[in-house]
Amino acid sequence: MSGPCIFCKITEGVIPSRRIYSDEHCTAFLDIAPLAPGHTLVVPRQHVTNLLDCSADALAAVTRALPRLATALVAATGATGLNLLQNSGASSGQVVMHLHFHLIPRRDGDGLGYRWNAGSYAPGEAESLQDLLIKQLQS
Ligand code: 5GP
Ligand code: ZN
């Protein structure tokens, strides 16, 4: 059963959605509050919270459909580009705690975008972080 999770309920058809695709691993439906026409959410059938609690196999299964969906969305909407966005954790902007990928059709001058406040590293900082991350990945 789906419990309180809204995307489990959508996957199970308990609450309605504008579904455009489903297979044994995932469901894709229109976002109820689109950033652009065709803004689509792709969610795994199996409940996982986000990328931080998802196995590699589960992730591979749900992302298999992304290229096909992205190509169809661009073709159908006449978009000239597309953003793939995945929020993991409340501090990243995740509101619905069931893993999902946003596919957002883009076009020149559409006014969408990020505050991409690019920074820089202090001397030695990137090197330390690189070491730390390599050790973390080996543990
Ligand atoms: P998040 O911020 O968690 O990455 O994004 C959640 C997305 O889910 C939002 O873009 C929001 O508009 C969408 N959403 C929330 N509730 C519903 C719903 O009941 N139906 C649909 N289709 N989209 C929803
Ligand atoms: Zn769920």
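Residues numbered from 1 in each chain as written. Chains lettered and ligands numbered in written order. Predicted model: local features only at pLDDT ≥ 70, side-chain atom pairs only at ≥ 80, totals over all residues. Heavy atoms only, no water.

S.K.: Can you walk me through the site of ligand 1 in this structure?
M.R.: Around ligand 1 lies a shell of 16 residues, among which Asp31, Gly93, Val95, His100 and His102 are the nearest. Contacts to ligand 1 include Asn87, whose side-chain N or O atom sits 2.9 Å from an oxygen atom. Val95 places a main-chain nitrogen or oxygen 2.7 Å from an oxygen atom of ligand 1. The fraction of the free accessible surface of ligand 1 (520 Å²) that becomes covered by protein chains is 81%. Elements supplying a minimum of two residues to the shell around ligand 1: helix 1 (6-12) and strand 2 (26-30). (Near = heavy atom within 4 Å. Polar contact = N/O pair within 3.5 Å; in protein donor to acceptor, adjacent residues only side chain to side chain. Areas by Shrake-Rupley, 256 points an atom, 1.4 Å probe, with all protein chains shown as cover. Helix = DSSP H or I, 4+ residues; strand = E, 2+ residues; numbered from the N terminus.)

S.K.: Would you mind going over the side chain of His98 with me for this structure?
M.R.: Mapped onto the elements of the fold, His98 is located in the loop between strand 4 (81-85) and strand 5 (101-106). Exposure remark for His98: the relative accessible area of 0% places this residue in the buried category. A polar side-chain atom of His98 sits 2.8 Å from the main-chain carbonyl oxygen of Pro44. (Buried < 20%, exposed > 50% of the residue type's maximum accessible area, 1.4 Å probe, protein only.)

S.K.: What exactly am I supposed to notice about the coordination of the zinc ion (ligand 2) here?
M.R.: Around a metal, the idealised angle for a tetrahedral arrangement of four donor atoms is 109.5 degrees; for an octahedral arrangement of six donor atoms it is 90 or 180 degrees. At the metal site, the zinc ion (ligand 2) is ligated by Cys5 (SG), Cys8 (SG), His47 (ND1) and His98 (ND1), and these contacts range over 2.0 to 2.3 Å. Classification of the site at the zinc ion (ligand 2) rests on its four donor atoms, whose angles at the metal span 103 to 119°, yielding the label tetrahedral. Considered as a linear motif, the donors of the zinc ion (ligand 2) on their single chain read C-x2-C-x38-H-x50-H. Here the residue Cys5 occupies a position in the segment before helix 1, and His98 occupies one in the loop between strand 4 and strand 5, the gap between them amounting to 93 residues. Note on Cys5: relative accessible area 12%, which makes it buried. (Donors = N, O, S within 2.8 Å, 3.2 Å for Na, K, Ca; no water. Tetrahedral: all angles 85-135°; square planar, octahedral: opposite > 155°, others 65-115°.)

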